[in-house]
Amino acid sequence: MSPSIRLAILASHPVQYYAPMFRELAKRVDLHVFYAHSATPEQQAAAGFGRAFEWDIPLTEGYSFSFLNNISKRPGTDWFGGCDTPEIYDLLKGGHFTVVLTLGWHLKSMIQGVFAAKRLGLPILVRGDSQLSTPRSLMKRWVKALAYPILLRAFDAALYVGKNNYNYWRAYGFPTDRLFHSPHCVETERFARSATLEARSALRKRLNINPASFVVLFAGKLLPFKRPLDVVRAVAMVRAEGLDCRVMVAGSGPLEAELIQEAKATEVPLDLLGFQNQSEMPAAYAAADLLVLPSTGRETWGLVANEALASGLPIAVSDQVGCAPDLATNSLAGRTFEMGQVASLADVIIRSSEDAKSTDDIQKLSDQYSISAALDGIVSSIAFVSKTSRKMVGH
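A quick note: this is a predicted structure, and the numbers were derived from the prediction, not measured.

1. Digging into the side chain of Asn70
Here is step 1: Checked against the element boundaries, Asn70 lands in the loop between β3 (64-67) and α3 (88-94).
Here is step 2: Of the polar contacts made by the side chain of Asn70, one reaches the backbone nitrogen of Ser72; its length is 3.2 Å.
Here is step 3: Not counting residues within four places of it along the chain, the set of residues in contact with Asn70 comprises Ala36, His37, Pro75, Gly76, Gly82, Cys83, Asp84 and Thr85.

Written as structure tokens, this is what we have:
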């Protein structure tokens, strides 16, 4: 990569999944990340985590960053106007940037960044995980069908994270030669290193779990669209078939009381770990035998599936989860079930319990979604737009 390339990334706020990417990307390009919002521990709780907290692995170390001056009257990342940062034009101009990458366009701050880049003549990239199956009103679908084929051309290149995201871009007529694969990723090496047999034994011993029990893990916020109650109900059906099976939950949220009530009513053993910070999650994956993610189409990817695979844990995801066509097509590593159909999920759990886990298949799949693979796509897109930009200037 040319030393003259200086990349600006426009992000909503520090996120545990992006920080490792930024640290590694900073080793490849001259990088600066602009954050539109700094979430407080209380806002983390309000976002569905269930309690106020700080991440236990730093999110802003190892790369250059700054927080933009957010002048929104109600700051936050939960609505379009929650991030309003008009200073981005001056910062991009004064920072001598040559390429801009925005992580979506769902916030006013990001749209401001797109317009600023266009005014300055800077190539602009975009990376996100939008997909066509995300629930939308008929009116919104109609408006997007008319407007997006034109509006999305504002981006000089797009980075798609998986098959559903690729189909999204193609559905709106975005050119294939301007699409670059940058898969959703996690720190695969950290999870693989920490999800050990010792960690499995220690957590199961602490929870008094029989070594022979088949443990189904739900990891994430306990929110309605993630459908955690489906896991308990499916395990109840599995137990009725004679399988020693139980549910482990790594997460917290509004549905916790209802989840406990459902487990008691169906006599399903339930191990509630509560919110688990970054360094605690590998042990949860190690202690489980199957990760289940039963979400609706609002789950545009599901990075807990990446984490599970990196930890050597097979996955089962609903057919509406964004990562399904990418991570759940090899039955030795991942399976799908019909969203909302508890019997379908129960059948998948039973079949997973009967199959010997294929460590090789899981690792091969996980390796395809490494940080390195994601960065290769970003670097390739930067090279493409830089070359295209130079041609236009020369012309």
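2. Some remarks on the sheet that holds strand β5 (residues 124-128)
Pairing between the strands of a sheet is mediated by backbone hydrogen bonds and can be parallel or antiparallel.
Here is step 1: As summarised here, the arrangement of the seven strands in space is β3-β2-β1-β4-β5-β6-β7, forming an open sheet in which the pairing is parallel. Of all the strands in the sheet, the pair left with one neighbour each is β3 and β7 (179-181). Taken over all neighbouring pairs, the strand axes of this sheet differ in orientation by 20 degrees on average, direction set aside.
Here is step 2: Its contacts with the sheet put helix α4 (residues 108-120) on β1 (6-11), β4 (99-102) and β5, and the angle it makes with β5 is roughly 155 degrees.
Here is step 3: Relative to the sheet, helix α6 (residues 163-171) contacts β5, β6 (157-160) and β7, its axis offset from that of β6 by approximately 150 degrees.

3. Brief notes about the nonpolar core
Here is step 1: Leu217, Met248, Tyr285, Leu291 and Leu327 are the most contacted members of the largest nonpolar core, which has 38 residues in total.
Here is step 2: Sorting the residues of this core by element identifies β8 (214-219), β9 (245-250), α11 (281-287), β11 (290-293), α12 (303-310), β12 (315-318), α13 (324-327) and α15 (359-367) as the ones contributing at least two each.
Here is step 3: With six residues, α12 is the largest single contributor of residues to this core.
Here is step 4: If near-sequence neighbours (up to four positions away) are discounted, Leu217 is found in contact with Met248, Val249, Ala250, Ala284, Tyr285, Ala288, Leu290, Leu291, Val292 and Leu313.
Here is step 5: Counting residues in each nonpolar core, the second largest holds 32 residues, with Leu25, Val29, Cys83 and Leu107 among its members.

4. Comments concerning the sheet that holds β11
Here is step 1: Read across the sheet, six strands follow the order β10-β9-β8-β11-β12-β13 without closing on themselves; strand pairing throughout is parallel. Two strands bound the open sheet, and with one partner strand each, they are β10 (270-274) and β13 (334-337). With strand direction ignored, the average angle separating the axes of adjacent strands in the sheet is 25 degrees.
Here is step 2: Helix α10 (residues 256-266) contacts β9 and β10 of the sheet and is inclined by roughly 165 degrees relative to β10.
Here is step 3: Strands in contact with helix α14 (residues 342-354) are β8, β9, β11, β12 and β13; relative to β13, the strand with the most contacts, it is inclined by about 160 degrees.

5. Observations regarding α6
Here is step 1: Listed as buried for α6 are Asn165, Tyr168 and Trp169. The arc that holds the buried residues of α6, viewed along the axis, is 90 degrees, so those residues lie on one side.
Here is step 2: Looking at the buried side of α6, the elements it contacts are β5, α5 (138-151), β6 and β7.
Here is step 3: Immediately beyond the C-terminal end of α6, within one or two residues, lies Gly173, with a positive phi of roughly 75 degrees.

The rules behind the values
- Every chain begins its residue count from 1, and numbering advances along the sequence as written.
- A pLDDT threshold of at least 70 governs which residues receive local features in this predicted model, and a stricter bar of 80 or more applies before side-chain atom pairs are shown or counted, although totals over entire chains, interfaces and linings include all residues.
- The side-chain values count all of the structure's non-hydrogen atoms but skip hydrogen atoms and water molecules.
- Strands are runs of DSSP state E lasting at least 2 residues, helices are runs of H or I lasting at least 4, and numbering of each runs from the N terminus.
- Residues adjacent in sequence count toward polar contacts only when both atoms are side-chain atoms; beyond that, a polar contact is any pair of N or O atoms within 3.5 Å, and within protein one must be able to donate a hydrogen and the other to accept it.
- Whether two residues touch is decided by their heavy atoms; if any such pair falls within 4.5 Å, the residues are in contact.
- Following DSSP output, two strands are said to pair if at least two bridges run between them.
- Interaxial angles span 0 to 180 degrees and are taken between N-to-C directions of axes, which are lines fitted to C-alpha atoms, for helices over the stretch in contact.
- Buried residues of nine kinds, namely Ala, Val, Leu, Ile, Met, Phe, Trp, Tyr and Cys, make up a nonpolar core once their side-chain atoms join them within 4.5 Å.
- Exposure classes here rest on a 1.4 Å probe applied to the protein chains alone. A residue is buried below 20% of its type maximum, exposed above 50%, and partly exposed in between.
- Here the arc refers to the directions that run from the helix axis out to each C-beta atom.

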